[in-house]
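Coordinates in review
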Amino acid sequence: MIFSFQLLFEAILFGILLGCFYAAVSIGLSVAFGLLDVPHVAHPAVLILGAYCTYLLGSYGWDPIVAGLALMPLFFLFGIALYRFYYETFEKRGTDAGVRGLAFFFGIAFIIEVGLILAFGVDQRLVEAEYIGKSLSFGEMRIPLRMLLAFAIALVLTAALTLYLSKTFTGRAIKAVAQDEAALRLMGADPVRIKQWAFGIATGVTALTGALLIIIGPVEPMLDRVYIGRTFCVVVLAGLGSMTGTLAAGLILGISESIVLMHFGASWAPAVAFGLLLVVLGIRPQGLFGR
Amino acid sequence: MTGIKRRGVLVAGVLALAIGAFASPALAQQPIKIGHSMALTGALGGGGKAALIALQLWVEDVNAKGGLLGRKVELVTYDDQSNPATTPGIYTKLLDVDKVDLLIAPYATVPTAPLMPLVKQRGLLLMGNYSFQVNSRVQHDMWFNNAPWNVAASWSDNFFKAGKKFNAKTVAFLVADQEFAQNLARGAKSIAATQGLKTVYEQNYPPTTVDFSSMIRAIRSAKPDIVYVMSYPNDSVAIVRSVNEIGVGPSVKLIGGGMVGLQFAPVMESLGSMLNGWVNYHTYVPEKSMEFPGVKNFLARYAKKAVEAKVDPLGYYLPPYNYAIGQMLEQAVTATKSLDHKVLAKYIRENEMKTIVGGIRYGKDGEWADARVVMVQFRGVVDKNVEQFRQPGKQVIVEPAAYKTGDVLPFDKARK
Amino acid sequence: MRRLASPFGIGAAATVVLAGVLALGGANEYFFFAGYVVLQFVVLATAWNILGGYAGYVNFGTAAFFGIGAYTSVLLFKSLGAPLLVQMAAAAVVTGLLGFGTGLLTLRLRGIFYSIATVAVIFIAETLMINWRYVGGATGLQLLRPAPMLPFETYTRMLFFIMAVVAVLAVAIARYIEISWIGRGLRALRDTEEAAECSGVPTLRLKLLACTISGALMGVAGAPLPMYLSFLEPASSFSLNYSVVALAGAIIGGTAHWLGPVLGAILLASMQQIVTVTISSEMNVLVVGVMLVVFVVAAPDGILGLIRKLRRPRAAAGKP
């Protein structure tokens, strides 16, 4: 295999871009699972749903990013409905929500998959836009615009969510609900409404990152299975509920995949990511940047 | 509730299953049943759905002509979900419950592989459906593949022949880490070795790879003359895009080879002009040299159905060859007036099959005696237009000589 | 309870005899193909439930154990030509050890973290097999299976019978665990692990035991797969479907009782088999999805819970 510092540098650079993409598609889960403790295994399915909705709007001539932004309110409402249902059937009943909640979200994921197959067929779908397939040149180096877009979206989302969670009242309430529900109740806030709101935000954000997904590459209805591992890996690696941690964990995953790919062969890349996850879980279950 | 009662529930469940399996109507003068499974969901679903339309068209046609041996023809189709774990069960059901008369293999190699011992053991005729070297281990003499290739080398030698035009010295390989791709790559590597090409880069990548930028960069810095890519639909798209973004450098004269997906209309349409210059394998393109009798008419009828069913509207890859499976069975049954698998297999082995994809003669291993994998180069493709691919000249056949409709151009030249 | 002549013992023996009679008798070959798959899921769901149902640790790595069981068989078959029963025994040992390993993880991981760790095991195992050319690598491996053992007419019939025996054994083990001190201990640690620990329950030992047994059974379920398919390749052997159906079977049936996973797996797997050959297509995935959602929402204690609910009013009415 070829080795040079030039290539290593490039591997790291592309790892950063890829890592930002991983962070972006995981950040909704970081709120839903990390902060709210909802075992949202349907998150990747919602992500693919977002990608397909973007595709649908794209076929009417919408720009994918615009479409992703436009879908956010819709997905926000969807998230609220989903959480409400989850709350009424599981959290409210109390004990042992874990296993059944997990099973419930798996069911939802399968139903979304089948719905997408019925609506769009099983072919790969992709979108077109001015910035897809182009790149920026820095001397010898050319960086795909779509990866830069992933980079930008990840940074914006991380910053926006971090600020929202620390500066606004609702944001702080969301963080509080994650730590101490009873205390929040004493303050006069309704934890269920707060959680519902937060889950809506998580789902809304996922619409935009779904648009990002289909910008990065083609999607097909069963693609969510690939992302179950990756998104949970990022969120757990990050330590639950930390937005900057999510970004950092995405970067770790992206860079390690990229370096392994360059120097050991691409077929080892997935094992490295999950090996890393196992090691972290074994040594530091609260994640690298956990609370 | 006693243990016995509980056990009774269990037994009842098993029995219910058994009864369901046994129930099959016995009617006199039944139609001729042709059984197969097809990937309608899962990774191969896109191709599978298109192929099914073609088979159904054949059934329509043959029944319009009065059927086979005076009996109607009926297709029994199950979805194997692209999963090899389902096919042994499905085919046993086809044989033992549905009592089909003839069998067609599932689409692609992996779902077919578990069936080979079964058909060999029972001595059954199996019409292969775009699988690759699946019979090499079992050596079943009643197996006939519809795909126009035989040994691994038959896929790639035309690609490397095209490479000879450029006096290529070095080659890079980018290969998906999966069954089919790995087999093909082995063939490609042996050809490259016999041509004295030096391998300067070699990469296997896993099927879940998201971004190919790093690999394309590595290829660029290895400066090969030829890049041989063996990829699956999702990856093919990502690789074409990455090459468009990052560039493979001026050294590369020829790139492509074994990319699955660049034959599918939705992919071709959305990649558009990014495809220009790529040289890739194909089995049928609407060029003058491939105007076999009947194929145009078939494709026109196929296109109508495909649009309704939301599948590939062009149908240049699997569909004509699936129609050909039907034609081969039709020819063999009509000529021998028999449904005996041994008789049919003997006939197919010894005679030329006349189909809408041309005449086919089979070799000993049940693959085409003379392979016909053409290498096409995308030229003058514009964005967002699927209809353009129906005209000749967009996918120029550069090899083999017998079907050639144009000379291969260097990659960067063909992109201008 | 554990006498040979207990009702359970008789039922178990009857099931084995029935399976044997069917396999020797004239039943349709397809029945054995489909029946094998159903029984395989009975084993997987039962094995899953030992850890997931009794102890509350949701193992998502069923596919990893199943696949490694299958690959152990291939390895032994290819290198030594070992007979099937040896392959299965070896698979039990290998996956039992793997189960022990994941059991050590429970020292630090609970709840969904444990589940995520087990998902990681699937991906790692699959990647290892993809890169291991000897057992076929990404390409997979076609195997020519030997002649079936007497008195069975075909290999599939033999496999069906063997899987039936394994299923009965798995259920017997699960039942034994459930009614013995092990089950009581596991239930105690499911409710609150700290309290169980404090009141003298050897939680770690119990968890390790449950993980090992559960893992070994999953491996045994996977061990005959290469012979069943006469082919093996990584993507389908490590399919997430095995994890989901094992979990879904147990939850749909009811996790509290050994009969739950049996019922759930039979229902789910035979429905899947039937749907595959009747309505076909997308409906297969939909069946699992809809049943999961309907059951966890409407019948949280599974089929057994439903039955109990239906019985209770009558039982109450019968009392003076």
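Shown above is the structure to which this text applies.
First, a word on what this report is: a plain description of the structure on this page. Please read these numbers as outputs of a predicted model, since none were measured by experiment.

1. What to know about the overall build of chain C
On a plain count of helices and strands, chain C comes out with 15 helices and two strands. With the C-alpha coordinates of chain C rotated into their principal frame, the extents come out at 65 × 45 × 45 Å. Buried positions account for 63% of the 320 residues belonging to chain C. For chain C, contacts bridging at least 24 residues in sequence account for 77% of all contacts bridging at least 6.

2. Focus on the nonpolar core
Membership of the largest hydrophobic core comes to 383 residues, with the highest contact counts inside it found for A:Ala24, A:Ala150, C:Val43 and C:Leu44. Per-element tally for this core: the top contributor is helix H2 (residues 29-52) of chain C, with 18 residues. The residue makeup of this core includes at least three contributed by each of domain 1 (28-145 + 303-356) and domain 2 (153-289 + 373-414) of chain B.

3. Remarks on the pairing of strand S3 (residues 102-107) of chain B
All names here are of chain B. The element S3 is largely enclosed, with a buried count of six among its six residues. With two bridges joining them, strand S1 (residues 32-38) and S3 adopt parallel strand pairing. Its bridge partner being in S3, Ile34 is matched across the sheet by Leu102. Relative to strand S4 (residues 126-129), S3 is paired through three bridges, and the arrangement is parallel. Residue pairing in the sheet places Leu103 in a bridge with Leu126 of S4.

4. Remarks on helix H11 (residues 295-308) of chain B
Helical geometry note: an α-helix holds 3.6 residues per turn, so side chains three or four residues apart project in the same direction. Residue and element names in this part refer to chain B. The first and last C-alpha atoms of H11 sit 20 Å apart over 14 residues, in line with the 20 Å expected at 1.5 Å per residue. Among all positions of H11, only Val295, Phe298, Leu299, Tyr302 and Ala306 are buried. Contacts made by the buried residues of H11 are with helix H2 (45-64) and helix H12 (319-336). Looking at the residues trailing H11, positive phi occurs at Lys310, about 55°.

5. Quick word on unusual backbone geometry
Residue and element names in this part refer to chain B. Put simply, Glu399 and Pro400 share a cis peptide bond, and its omega is -5°. With respect to the helices and strands, Pro400 occurs in the loop between strand S14 (395-399) and helix H14 (411-414). Its identity is not glycine, yet Lys99 carries a phi of approximately 50°, on the positive side. Summarising the element assignment, Lys99 is placed in the loop between helix H3 (87-96) and S3. A positive phi angle, close to 60°, is found at Tyr130, a residue other than glycine.

Here is what the cut-offs are and how they apply
Along every chain, residues carry numbers that run from 1 in the direction the sequence is written. Here every chain gets a letter starting at A, and every ligand a number starting at 1, in the order they are written. Side-chain atom pairs in this predicted model are given and counted only at pLDDT of 80 or more, local residue features only at pLDDT of at least 70, and totals for whole chains, interfaces and linings cover all residues. A run of H or I in DSSP counts as a helix once it spans at least four residues, and a run of E counts as a strand once it spans at least two, with each numbered from the N terminus. Exposure in this text rests on C-beta crowding, where 20 or more other C-beta atoms within 10 Å of a residue's own make it buried, 12 or fewer make it exposed, and counts in between make it partly exposed. The C-beta atoms are placed from the backbone. Working definition of a contact: two residues with C-beta atoms, positioned from the backbone, lying within 7 Å. By definition, a nonpolar core groups buried Ala, Val, Leu, Ile, Met, Phe, Trp, Tyr and Cys residues that connect through C-beta atoms lying within 7 Å of each other. Source of the domain bounds: an automatic or database domain assignment. Any two strands with at least two DSSP bridges between them are considered paired. To estimate how far a helix should reach, multiply one less than its number of residues by 1.5 Å.

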